[in-house]
Amino acid sequence: MAAPTGRLEVRVTPGASRDAVAIADGVVQLRVTAPPADGAANAAVLRLLAAALGRPPRDLTLLRGATARIKLIGIAGFG
C-alpha cells in the first residue's frame, strides 16, 4: 500500500440501524451497523468511506482514534 497522502477526520456512530455518510456543520459523520467491538466498527468505517470515495478499501488506513468516535483516516493517492 502506498503511504497516505490525504487525511480526513470523521465522527463515527457504531451500532446504527443502517450505514450512512453525512456532512453536518462541516464534519463528516459516518454511521455503521457494526458494533464497536473487536475492531468491527473500524473495519466497517474504512469500507463505507472507501465506497463513498470510490476508492478501494486498501487505500484507506486508520491513523488515529481506534477506540474513539473521532477518527483520522489516511487516504493513499488523495489530496
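See above for the structure.
Values in this document were obtained by computation on a predicted structure and should not be read as measured data. (Residues numbered from 1 in each chain as written. Predicted model: local features only at pLDDT ≥ 70, side-chain atom pairs only at ≥ 80, totals over all residues. Heavy atoms only, no water.)

Caption draft 1: View of the side chain of N42. Checked against the element boundaries, N42 lands in helix α1 (residues 40-53). A distance of 2.8 Å separates the side chain of N42 from the side chain of K71, its partner in a polar contact. Residues in contact with N42, not counting those within four places in the same chain, are L62, A66 and K71. (Helix = DSSP H or I, 4+ residues; strand = E, 2+ residues; numbered from the N terminus. Polar contact = N/O pair within 3.5 Å; in protein donor to acceptor, adjacent residues only side chain to side chain. Contact = heavy atoms within 4.5 Å.)

Caption draft 2: A look at the pattern of salt bridges. Scanning the model with the defined rule gives 2 salt bridges in all. Notably, a salt bridge pairs D59 with R55, separated by 3.1 Å at the nearest N-O pair. Look at R55 and you get partly exposed, because its relative accessible area is 23%. (Salt bridge = Lys/Arg side-chain N within 4 Å of Asp/Glu carboxyl O. Buried < 20%, exposed > 50% of the residue type's maximum accessible area, 1.4 Å probe, protein only.)

Caption draft 3: α1, seen in detail. Between its first and last C-alpha atoms α1 spans 20 Å; for 14 residues at 1.5 Å apiece the expected length is 20 Å, and the two agree. For α1, the full list of buried residues reads A41, N42, A44, V45, L46, L48, L49 and A50. (Expected span 1.5 Å × (residues − 1).)

Caption draft 4: Inspection of the nonpolar core at higher detail. Ranked by size, the top nonpolar core spans 16 residues in total, and within it V10, L30, V32, V45, L49, L60 and I73 carry the most contacts. Of all elements in the fold, only β1 (4-13), β3 (27-31), α1 and β5 (70-76) reach the threshold of two or more residues within this core. The leading source of residues in this core is α1, at 7 residues. Apart from residues no more than four positions distant in its own chain, I73 is found in contact with G6, R7, L8, V10, V45, L46, L49, L60, T61, L62 and L63. (Core = buried A, V, L, I, M, F, W, Y, C linked by side-chain atoms within 4.5 Å.)

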